[in-house]
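Below, each chain spelled out in residue letters.
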Amino acid sequence: MVVDKKILYSGIQPTGIMTIGNYIGAVSNWAKMQDEYNCIFGLADLHAITVRQDPIEYRKRATSFFAQILACGLNVEKSIVYFQSHVHQHTELQWILNCYAYVGEMQRMTQFKDKSAKHEENINMGLLDYPVLMAADILLYRADLVPVGIDQKQHIEITRDIACRFNSIYGDTFTVPDGYFPTLGAKINGLQTPTAKMGKSDADPDNAVSIIDEPDVIMRKFRKAVTDCDRKVKFDLSEKPGISNLLTIMSALTGTPICELENDFANADYKTFKEAVGSVVVESFKPVRENYARYISDKSHLQQIASLGAERASYEAEKTLTKVKRRIGLVDKARRTIVAVEK
Ligand code: TRP
């Protein structure tokens, strides 16, 4: 990593589909930050097993997700891109951090409560411990900045709390990270339920658009997008959530301000407007689709990229983990501390 650059860490779980919302709100920003920061991107495949996954399906999906984040413009020469499960230091640090995290604070996390309600039959320890694994992800790499969706804010706060708690006992060990919550276009809603975030794991396949959907699928989903009966292309979140969402998508992808788009489509009917938004999405994601097709068709190259990423990640992670182990008084494997103690 480059010495005078700050460190940025982010992760994404390989569940559901990667949506244009994930791209606009998160992954497109990752690609842009690669020059300014030392960037590390983890595919959080250990987080995702807190809910049951079918093994065959999961392996395929995780591979596809890895190819998709690469296809969004991550440059593996500049950034470290890897599978979380390939770097054993994550779970090792998680165990240590567990001893500095309280059961009560984990039980109070909003996401834990939501997921427990949703998966009543499987409220496992991993679900409760999810934030500590995330803290380990971030703290291992001494990240300064963590770009995430606003729904992850509480997880960043708990990471900071754990880091500060540890530092106050053992002295400066962890970098206390800042969350970064992009505002513009950060929240893309569903096409069928425009009042709620476009979910990765939505039951209705027409609600979310994948970054690798084929053009005809994209167009069909946009033609079916829910609007209202007012017939005016105008931004109004409370009265016109559907149209506002479409305007947000178009603005985020073209860089044209929403007020300008309102002017452009002042005399257009909804069908024309929806098709225009669909076409922008088709065009904008053409490079992503093409990159993806290239990555996914060459599995051995993908494997090579993953191994290299894991090796580089592990090298960085080990530095932090060794330091942590020394701080808490574990006997050092390399430094002959047993001999020293005997003397
Ligand atoms: N929990 C995050 C999410 O669901 C994904 C994630 C895992 C992550 N580890 C991370 C994000 C570390 C940022 C940093 O969106």
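In this text the structure is predicted, and so the values were computed from the model without any measurement.

What counts, and where the lines are drawn
- Residues numbered from 1 in each chain as written.
- Predicted model: local features only at pLDDT ≥ 70, side-chain atom pairs only at ≥ 80, totals over all residues.
- Heavy atoms only, no water.
- Axes fitted to C-alpha atoms, helices over the stretch in contact; angles between N-to-C directions.
- Helix = DSSP H or I, 4+ residues; strand = E, 2+ residues; numbered from the N terminus.
- Left-handed = near helix turned anticlockwise from the far one by under 90°.
- Contact = heavy atoms within 4.5 Å.
- Nonpolar A, V, L, I, M, F, W, Y, C, P; charged D, E, K, R; others polar.
- Core = buried A, V, L, I, M, F, W, Y, C linked by side-chain atoms within 4.5 Å.
- Buried < 20%, exposed > 50% of the residue type's maximum accessible area, 1.4 Å probe, protein only.
- Near = heavy atom within 4 Å.
- Polar contact = N/O pair within 3.5 Å; in protein donor to acceptor, adjacent residues only side chain to side chain.
- Areas by Shrake-Rupley, 256 points an atom, 1.4 Å probe, with all protein chains shown as cover.
- Salt bridge = Lys/Arg side-chain N within 4 Å of Asp/Glu carboxyl O.
- Domains from an automatic or database assignment.
- Expected span 1.5 Å × (residues − 1).
- Pairing = 2+ DSSP bridges.
- Right-handed = clockwise from strand over helix to strand, strands pointing away.

Student: For the packing of helix H9 (residues 241-254) against helix H11 (residues 270-284), give the residues involved together with the corresponding values.
Tutor: Relative orientation of the contacting elements H9 and H11 amounts to 35 degrees, with a least axis distance of 10 Å. Relative to H11, H9 is oriented so that their crossing is left-handed. On H11, the residues that touch Ile243, Leu246, Leu247, Ile249, Met250, Leu253 and Thr254 of H9 are Tyr270, Phe273, Lys274, Ala276, Val277, Val280, Val281 and Ser284. Across the contact of H9 with H11, the residue classes tally to 12 nonpolar, two polar and one charged.

Student: So what about unusual backbone geometry? Which residues, and what values?
Tutor: Residues other than glycine predominantly adopt negative phi, and peptide bonds predominantly adopt the trans conformation. One non-glycine residue, arginine 142, lies in positive phi territory at about 55 degrees. Tracing the sequence through the fold places arginine 142 in the loop between helix H6 (125-140) and strand S4 (145-147). Residue arginine 231 is not a glycine yet carries a positive backbone phi of 65 degrees. Examined against the element boundaries, arginine 231 turns out to sit in the loop between helix H8 (215-223) and H9.

Student: Lay out the nonpolar core in plain terms, naming residues and giving numbers.
Tutor: Within the largest apolar cluster, 58 residues are counted, with the highest numbers of intra-cluster contacts made by Ile20, Phe66, Phe222, Ile249 and Phe273. In this structure, Ile7, Val87, Ala310 and Val324 belong to the second largest nonpolar core, which totals 39 residues.

Student: Talk me through the site of the ligand; I want residue IDs and the actual numbers.
Tutor: Of all residues adjacent to the ligand, which total 13 residues, the nearest are Gln13, Tyr130, Met134, Asp137 and Gln152. Contacts to the ligand include aspartate 137, whose side-chain N or O atom sits 2.7 Å from a nitrogen atom. In this structure, a nitrogen atom belonging to the ligand sits 3.0 Å away from a side-chain N or O atom of glutamine 152. Considered on its own, the ligand offers 370 Å² of accessible surface; in the complex 89% of this is hidden by protein. At the level of elements, strand S1 (7-12) and H6 are the ones that each hand at least two residues to the shell around the ligand. Looking at which element gives the most residues to the shell around the ligand, the answer is H6, with four residues. Considered class by class, the residues forming the shell around the ligand number seven nonpolar, five polar and one charged.

Student: Give me the lowdown on the side chain of asparagine 207, citing residues and values where you can.
Tutor: Tracing the backbone through its elements, the reader meets asparagine 207 in the loop between strand S5 (178-180) and H8. Take asparagine 207: its relative accessible area is 2%, and that puts it in the buried class. The residues contacting asparagine 207, other than those within four sequence positions of it, are Gly190, Leu191, Gln192, Thr193, Met198 and Asp202.

Student: Go over the environment of threonine 320 with me, naming the residues and quoting the values.
Tutor: Following the sequence through the fold, threonine 320 ends up in helix H13 (residues 299-328). Between the C-alpha atoms of threonine 320 and methionine 219, which are 101 residues apart in sequence, the distance is 48 Å. When residues no more than four places from it in sequence are discounted, the contact partners of threonine 320 are Leu139, Leu140, Arg142 and Phe174. There is a polar contact of 2.5 Å between the side chain of threonine 320 and the backbone oxygen of leucine 140.

Student: For the pattern of salt bridges, give the residues involved together with the corresponding values.
Tutor: Across all of its chains, the model carries 17 salt bridges by this definition. With its nearest N and O atoms 2.8 Å apart, the salt bridge here joins lysine 221 to aspartate 213.

Student: Summarise the domain arrangement of the chain; cite the residues concerned and give the values.
Tutor: Parsing the chain into structural domains produces domain 1 (7-185 + 298-328) and domain 2 (215-284). Centre-to-centre, using C-alpha coordinates, domain 1 lies 33 Å away from domain 2.

Student: Can you tell me about H9, naming the residues and giving the values?
Tutor: For H9, which comprises 14 residues, the first-to-last C-alpha distance of 20 Å matches the rise-based estimate of 20 Å (1.5 Å per residue) to within 8%. Among the 14 residues in H9, 11 count as buried, and that is most of the element. Regarding H9, the residues found buried are Pro241, Gly242, Ile243, Ser244, Asn245, Leu246, Leu247, Thr248, Ile249, Met250 and Ser251. On its buried side, H9 packs onto helix H1 (20-32), H8, helix H10 (258-264) and H11. After H9 finishes, the residue glycine 255 shows a positive phi value of roughly 80 degrees.

Student: A description of the environment of phenylalanine 41 should follow, citing residues and the corresponding values.
Tutor: On the secondary structure map, phenylalanine 41 appears in strand S2 (residues 38-43). Taking the C-alpha atoms as reference, phenylalanine 41 lies 8.5 Å from tryptophan 30; in sequence the two are 11 residues apart. Those residues in contact with phenylalanine 41, other than ones at most four positions away along the chain, are Leu8, Ser10, Trp30, Leu74, Ser79, Ile80, Val81 and Tyr82.

Student: Report on the pairing of S1, specifying residues and quantitative values.
Tutor: The side chains of a regular strand alternate between the sheet's two faces. Counting buried residues in S1 gives five out of six residues, a clear majority hidden from the surface. Pairing between S1 and S2: six bridges, direction parallel. When the bridges of S2 are listed, serine 10 appears paired with phenylalanine 41. Between the parallel elements S1 and S2, the chain passes through H1 in a crossover that is right-handed.

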